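# Survey of secondary and tertiary structure
Single-letter residue listing:
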Amino acid sequence: MKIVFMGTPDFAVNPLNALIENGYEVTGVFTQPDKPVGRKAILTPPPVKAVAENAGIPVFQPNSLKDGAGVKILEELNPDIVVVVAYGKILPSDFLHYPKYGCINIHGSILPEYRGAAPIQRCVLNGEKYAGVTSMQMDEGLDTGDMLFVEKTEIGENETSGELFDRLAVMGADLLIKTLKAIENGDVHPKKQDDSKSTYAAMLDKSMCNIDWSNPAAVVHNTIRGLDPWPVAQTTLGGKKLKLFGSRLGCEEGGGKPGEIKLTKNSFSVFCGDGKCVTVNEVQYEGKKRMKALDFFRGYHLEDGTLLQ
RNA sequence: CGCGGAGUAGAGCAGCUUGGUAGCUCGUCGGGCUCAUAACCCGGAGGUCAUGUGGUUCAAAUCCCAUCUCCGCAA
């Protein structure tokens, strides 16, 4: 079975490695063009590219697959199937139907819920109890193809998007192998998605990072862990930004105004709109390194009544 | 040359403006109190103040210059 793999971020690295380790013949890898990253705007290759090059697999980074450009490459690689994991571009119809078995995709949610760009983070942000990965036979729509297999997992009470991401990446790799084996054996039973139950997980952006302390503690908690490790929840202290990483629901008793800080010997908590508070593990103040919240407040002298905004 | 913050004890900070004895909150070690403790009391160790055998000065953590590193914004 000749395979062409398409993927870009860390999430796609595990599935690609799984293909290689299981002895599949990967004849080519598609990934996004290198992009400038960081303060110095250094041109950085996507994570998938490094893995592919290490394995000696030809890498393609076309800007567009339209107008037959993608198919042209496929003609050379001659795959039986194309595996897509978080590639980041829409595949045109002629591309989708070129390989014998078409294109299959691993998506980071339990379809038809959370179609789209940021399913994992949206699950955490919404306080979902379960997350999962789905393999599907791709069609022209956005994550609308017929479902092949689904794996579910429980989301931890304090689990961050990043942690869930890592777990689902492993599950996604296993699911991919399972799906490929089933296809090879002709043992697949595609299932249509129930479009009426579909939801869309829009991409995250920095405009949603500022915490509204008048929300209930549970909502604030979900926001902090859902935006960790990117783009990171933030609030304002002394006119400067304070990023918050990792949280858990704290004390039950009320008594504080929203945004009021409660420091104890071994915890940093903030009161929310419902009178309960959220305990934050790590913070990063503007111009400072990320550090444990307690370390930060050992050096930052709070005045009474200071509120986070 | 995109804008800005920062490097001082194991951790987090103050001190720099107006040069002149190394300070705070913790941790750590020893002792005390206590049924007990993450609590409290007493005491100790630990720093060439990022680097430059740099400049100014009687004297530099502090003023000037250069370099390195970390971080926020923007992309």
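Below, the structure is looked at part by part. These figures come from a predicted structure and were not determined experimentally.

### Digging into the protein's contact with RNA strand B
- Taken together, 17 residues lie around RNA strand B, and Arg-39, Gln-284, Lys-288, Asp-295 and Arg-298 are the ones closest in.
- Each atom of RNA strand B within 4 Å of the protein was classed as base or backbone; sugar and phosphate made up 63%.
- Contacts to RNA strand B include Lys-243, whose side-chain N or O atom sits 3.5 Å from a phosphate oxygen.
- Take Arg-298: an N or O atom from its side chain is 3.2 Å from a sugar or linking oxygen of RNA strand B.
- Only strand E13 (240-249) and helix H8 (293-299) provide two or more residues apiece to the surface near RNA strand B.
- When residues in the surface near RNA strand B are grouped by element, the largest group, four residues, is from H8.
- Along the lines of polarity and charge, the residues of the surface near RNA strand B split into two nonpolar, five polar and ten charged.

### Some remarks on the side chain of Thr-235
- Position of Thr-235 relative to the elements: it lies in strand E12 (residues 233-237).
- Of the polar contacts made by the side chain of Thr-235, one reaches the backbone oxygen of Gln-309; its length is 2.8 Å.

### Here we look at the pairing of strand E14 (residues 261-264)
- In this structure, E14 lies alongside strand E15 (residues 267-271), joined through four bridges in antiparallel fashion. Residue pairing in the sheet places Leu-263 in a bridge with Phe-268 of E15.
- Where E14 hands over to E15, the hairpin turn is made up of two residues, counted between the paired strands.

### Side note on the nonpolar core
- In terms of nonpolar packing, the biggest core is built from 41 residues, with Phe-5, Leu-19, Val-29, Val-83, Ile-104, Leu-168 and Leu-180 touching the most fellow members.
- For this core, the element with the most residues is helix H6 (residues 161-184), which contributes eleven residues.
- If near-sequence neighbours (up to four positions away) are discounted, Ile-104 is found in contact with Ile-81, Val-82, Val-83, Val-84, Met-136, Gln-137, Met-138, Leu-148, Leu-176, Thr-179, Leu-180 and Ile-183.
- Among the nonpolar cores identified, the runner-up in size contains 26 residues, and Trp-213, Leu-227, Val-280 and Phe-297 belong to it.

### A look at the packing of aromatic side chains
- Summed over all chains, the structure comprises nine aromatic pairs.
- Between Tyr-285 and Tyr-300, the aromatic rings sit 5.5 Å apart at their centres with planes inclined by 70°, giving edge-to-face as the arrangement. Of this pair, Tyr-285 sits in strand E16 (residues 277-285) while Tyr-300 is found in the segment after H8, placing the two residues 15 residues apart along the sequence.
- Members of the aromatic cluster, connected to one another through ring pairs, are Phe-268, Tyr-285, Phe-296, Phe-297 and Tyr-300.
- Over the face of the ring belonging to Phe-245 we find Arg-290, whose NZ or CZ atom lies 3.8 Å from the ring centre.

Analysis parameters
Residues numbered from 1 in each chain as written. Chains lettered and ligands numbered in written order. Predicted model: local features only at pLDDT ≥ 70, side-chain atom pairs only at ≥ 80, totals over all residues. Heavy atoms only, no water. Near = heavy atom within 4 Å. Polar contact = N/O pair within 3.5 Å; in protein donor to acceptor, adjacent residues only side chain to side chain. Helix = DSSP H or I, 4+ residues; strand = E, 2+ residues; numbered from the N terminus. Nonpolar A, V, L, I, M, F, W, Y, C, P; charged D, E, K, R; others polar. Pairing = 2+ DSSP bridges. Core = buried A, V, L, I, M, F, W, Y, C linked by side-chain atoms within 4.5 Å. Buried < 20%, exposed > 50% of the residue type's maximum accessible area, 1.4 Å probe, protein only. Contact = heavy atoms within 4.5 Å. Phe/Tyr/Trp six-rings, centres within 6.5 Å; stacked < 30°, edge-to-face > 60°. Lys NZ or Arg CZ within 6 Å of the ring centre and 35° of its normal.

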